[in-house]
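Letter by letter, the chains look like this.
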Amino acid sequence: MNKDINASNNQAFFSEVKERSDRLMNYFLICFFLVGLLVASYYDTWLIAFGVGGTSLLAYYSAKIALPNSTIYQYVLSIILGIFMAQFIYQMHGMFEMHFFAFIGSALLITYQKWKLQIPLLIIVVLHHTIFSHLQNIGFTEIYFSNQNYIDLQTLLSHLLLSSVIFFICGLWAYQLEKYSTIRKQNEEALDKSNQQLRKFNLELERARQDADQASQAKSIFLATMSHEIRTPMNGVIGMSALLGETTLTEEQRMFNETINICGETLINVINDILDFSKIESGNLELESEEFDLRRLIEDVLYIFTSKATQTHLVLIYDIQENVPLQIVGDHLRLKQILTNLVGNAMKFTEQGEVCVVVHLENTGPNEQITLRFDIRDTGIGIPEDKLNRLFKAFSQIDSSTTRKYGGTGLGLAISEKLVALMGGQIWVKSKPDLGSTFSFTITAYIGNLNRQMRFQDEKLIPNKLTTNFSKKFPFAILIAEDNQMNQHVILNILHKMGYEPDLVKNGHEALEAVKQKEYEIILMDIQMPVMDGLEATQIIRKTLKKQPIIIALTANVMTDDEETCINAGMNDYIRKPFKLEELMSRLQKWHSTRIEI
């Protein structure tokens, strides 16, 4: 099939060459005929000019018209060009320069890219020179072959040899043109075929990309939906557990309640790990850049594990080298996440001894850029050397027994590795079985301004117990817009414990009616509600109310752009479900003195 296509393409190409050359010959044949008429005036050879020239043209066009699909007329053309040379020599009475018309004709034939067309012209030249030189030598004076009286054999042979060389060169030129034209055409065909394949491949790639985008979008929608559906009931579980913990309980009841709370937190952490891993894999995770206190961050991380360390009699310590700046600029939340993962793993696999966090200053760069190294060292079970390569793979554990005994999704280290890479660093591990492990990682950060007041330092200490005194310190008129009955129960009870008397509506439309009847200072707005969602209700409130309330999104949506969507809709803050008591209390403290008016 391909051979037939190539043959067809070659035929089309040389057909184009033929047509182009034919048009060129039409002009040159007319010129040759006019040259014959021009030189006829010198020696009164008009009969030869019209007779021989006209007959030659008639022969060429007759052959061309009679055999349109044949190449015979091209060979007739070669003969005619030789005859025109003989005609001009005769008309000019043997002028030597007229021999050059043979070479002109030979050059013109090159355009057909056929070396064989030189043969008829060569034959005509050889016959003309041989016959007419002989006739002139034996006494025929009116044949006008040459200005010389006698042409010796050596002169004749030299002329014929020179002509043959010229015809050979022109034939070789035509052959090379034909060869390279064929090669060029083949290359063009190959290029065209490659382009077609490339276009086809690009179309397939584009379809694959679209399919991948659709799959990614479907995955994101699935993760967002599942996260929302899991977080909504978990908000009730954790919220009610927190409320229960604020009541008078026996030691056994408190243990049961703590177990419920720990299990709920574990499930939320699993969901968060899966969402973080999905964000990192899709390239949608962006790092923040804020100034923070490195020592306080490490203490906060270790504080999380203080209770467990006390129960298991583990020593939990940290050491920040003296040359490490305490105020640095970077993403403190992601650094805290990495440290929490690594310290948590160290605690999980260490039954006795210590877990130590050490911070080193690796090097400094321009513009106050620094590289910090964190070492998390434990005296736990250690890791066999042949298992180290599996540590940072997603959903991977050292072996199945590890998963059964210690639990975990196998995502913590994979997420940590990717977060470290995003922060311009590397992560590695050194370990010996039964002696412990040291996880080390580096990050790139910047030296902070020691005199700058950090945002999170303004927050006051959160009370350990819910008390009605909180509403006296931070009084608000609060409206809750929430459609889920369990979440309504949780948030109402929490606010009641804090001393507030909030109003409750079930959707955005009821929220609009409520704000028309009463002036609220805080609205806790769910996003997904029937009749009218929280985003639309917020936008209408921002357009219609003169005295604007603080609107805090209270939602189980946790995808990358959810918070930005809420802020763009006109909300002031964002709390994810399930929320902790401390989160809600800190938000109320934060917005206590804030009032927004249009």
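Predicted, not measured: the structure shown is a model, and the values here were computed from it.

## A few points about the overall build of the protein chain
Thought 1: Assigned secondary structure in the protein chain consists of 18 helices and 14 strands.
Thought 2: The burial tally for the protein chain puts 43% of its 598 residues in the buried class.
Thought 3: In the protein chain, once contacts between residues fewer than 6 apart in sequence are set aside, the share between residues at least 24 apart is 72%.
Thought 4: As displayed, the protein chain has an accessible area near 33,000 Å², and 57% of this comes from carbon and sulfur atoms.

## A closer look at helix α8 (residues 294-304)
Thought 1: Among the residues of α8, those classed as buried are L294, L297, I298, V301 and L302. Buried residues in α8, looked at end-on, bunch into an arc of 130°, giving them a common side.
Thought 2: The distance from a side-chain oxygen at the start of α8 to the backbone nitrogen of R295 is 2.9 Å, and the residue carrying that oxygen is D293.

## Considerations on the nonpolar core
Thought 1: In this structure, L294, I298, L335, F374 and F441 are the most contacted members of the largest nonpolar core, which totals 40 residues.
Thought 2: Those elements that provide at least two residues to this core are α8, α10 (332-348), β4 (354-364), β5 (369-378), α12 (412-422), β6 (427-432) and β7 (436-447).
Thought 3: It is α10 that contributes the most residues to this core, 7 residues altogether.
Thought 4: When neighbours within four sequence positions are excluded, F374 is seen to be in contact with L294, I298, L335, L339, V358, V359, F439, S440, F441 and I443.
Thought 5: With 31 residues, the next largest nonpolar core counts L37, Y60, I80 and V125 among its residues.

## Comments concerning the packing of aromatic side chains
Thought 1: Here the structure, examined in full by the defined rule, presents 15 aromatic pairs.
Thought 2: On the basis of an interplanar angle of 70° and a centroid distance of 6.2 Å, the ring pair of F33 and F50 is categorised as edge-to-face. In this pair, F33 is assigned in helix α1 (residues 2-43) and F50 in helix α2 (residues 46-66), connecting sequence segments 17 residues apart.
Thought 3: For the ring pair Y60 and Y61, a centre distance of 4.8 Å and an interplane angle of 75° mean the geometry is edge-to-face.
Thought 4: A cation over an aromatic ring shows up here: K179 above the ring of Y180, its NZ or CZ 5.9 Å from the ring centre.

## Some words on the confidence of the model for the protein chain
Thought 1: Of all residues in the protein chain, 85% attain a pLDDT of 70 or more, and the chain-wide mean is 82.
Thought 2: This model gives residues 400-406 a pLDDT under 50, and the stretch forms 10 contacts once residues within four places in sequence are excluded.
Thought 3: Note that residues 451-464 has pLDDT below 50 and, in this model, 19 contacts with residues that lie over four places away or in other chains.

## Some words on the packing of α10 against α12
Between two packed helices, both the angle of their axes relative to each other and the distance between the axes serve to describe the pair.
Thought 1: The interhelical angle for the contact between α10 and α12, taken along N-to-C directions, is 145°, at an axis separation of 10 Å. Seen along the crossing, α10 lies across α12 with a hand that is left-handed. Here R334, Q337, I338, N341, L342 and N345 of α10 come into contact with α12, specifically with G412, L413, I415, S416, L419 and V420.
Thought 2: When its residues are assigned to classes, the contact of α10 with α12 shows 6 nonpolar, 5 polar and 1 charged.

## Overview of the pattern of salt bridges
Thought 1: According to the stated counting rule, one finds 9 salt bridges in the structure shown.
Thought 2: For R587, the salt bridge identified is with D573, shortest N-O distance 3.3 Å. Of this pair, R587 sits in helix α18 (residues 581-590) while D573 sits in strand β13 (residues 573-576); the two residues are 14 residues apart in sequence, bridging distant segments of the chain.
Thought 3: Bridged by salt links that share partners, the residues E362, R373 and D375 form one connected network.

## Thoughts on unusual backbone geometry
Thought 1: Although it is not a glycine, D44 sits at a positive phi angle of roughly 55°.
Thought 2: Since its relative accessible area comes to 60%, D44 is described here as exposed.
Thought 3: Phi is positive for E368, which is not a glycine, with a value near 60°.
Thought 4: Following the sequence through the fold, E368 ends up in the loop between β4 and β5.

## Some details on the pairing of strand β10 (residues 522-525)
Thought 1: Residues I522 and L524 of β10 are buried on one face, and the alternating residues I523 and M525, pointing to the opposite face, are buried as well.
Thought 2: Here strand β8 (residues 478-481) pairs with β10 via 4 bridges, running parallel. Among the inter-strand pairings, I478 is bridged to a residue of β10, identified as I522.
Thought 3: Examined bridge by bridge, β10 and strand β12 (residues 550-555) share 4 bridges and lie parallel to one another. Following the sheet pairing, M525 is matched in β12 by A553.

## Here's the deal with the sheet that holds β8
Thought 1: Read from one edge of the open sheet, 5 strands run β9-β8-β10-β12-β13, paired in parallel fashion. Two strands bound the open sheet, and with one partner strand each, they are β9 (503-505) and β13. Between one strand axis and the next, the sheet turns through 20° on average, direction left out of account.
Thought 2: Strand contacts of helix α14 (residues 485-497): β8, β9, β10 and β12, with the helix running at about 165° to β8, the strand carrying the most contacts.
Thought 3: In the packing of helix α16 (residues 534-544) onto the sheet, contacts are made with β10 and β12, and the angle to β10 comes to roughly 155°.

## Side note on the side chain of D526
Thought 1: Locating D526 in the fold gives a position in the loop between β10 and α16.
Thought 2: The contact partners of D526, leaving out residues within four places of it in the chain, are A481, E482, D483, G534, L554, T555 and K577.

## Details of α14
Thought 1: Its 13 residues give α14 an end-to-end C-alpha distance of 18 Å, which sits within 8% of 18 Å, the value for a rise of 1.5 Å per residue.
Thought 2: For α14, the complete set of buried residues consists of N487, Q488, V490, I491, L492, I494 and L495.

## What about the packing of α2 against helix α3 (residues 72-91)?
Thought 1: Viewed as axis vectors pointing N to C, α2 and α3 meet at an angle of 175°, and their least axial separation amounts to 9 Å. Judged by the inter-axis angle, α2 sits roughly antiparallel to α3. From α2, I48, A49, V52, G53, S56, L57, A59, Y60, A63 and K64 reach across to α3, where they touch Y73, V76, L77, I80, I83, F84, Q87, Y90 and Q91.
Thought 2: Considering only residue class, the contact of α2 with α3 consists of 14 nonpolar, 4 polar and 1 charged.

Conventions adopted
- Residues numbered from 1 in each chain as written.
- Predicted model: local features only at pLDDT ≥ 70, side-chain atom pairs only at ≥ 80, totals over all residues.
- Heavy atoms only, no water.
- Helix = DSSP H or I, 4+ residues; strand = E, 2+ residues; numbered from the N terminus.
- Buried < 20%, exposed > 50% of the residue type's maximum accessible area, 1.4 Å probe, protein only.
- Contact = heavy atoms within 4.5 Å.
- Areas by Shrake-Rupley, 256 points an atom, 1.4 Å probe, with all protein chains shown as cover.
- Arc of directions from axis to C-beta.
- Polar contact = N/O pair within 3.5 Å; in protein donor to acceptor, adjacent residues only side chain to side chain.
- Core = buried A, V, L, I, M, F, W, Y, C linked by side-chain atoms within 4.5 Å.
- Phe/Tyr/Trp six-rings, centres within 6.5 Å; stacked < 30°, edge-to-face > 60°.
- Lys NZ or Arg CZ within 6 Å of the ring centre and 35° of its normal.
- pLDDT = per-residue confidence, 0-100.
- Axes fitted to C-alpha atoms, helices over the stretch in contact; angles between N-to-C directions.
- Left-handed = near helix turned anticlockwise from the far one by under 90°.
- Nonpolar A, V, L, I, M, F, W, Y, C, P; charged D, E, K, R; others polar.
- Salt bridge = Lys/Arg side-chain N within 4 Å of Asp/Glu carboxyl O.
- Pairing = 2+ DSSP bridges.
- Expected span 1.5 Å × (residues − 1).
- Parallel < 35°, antiparallel > 145°, perpendicular 65-115°, else oblique.

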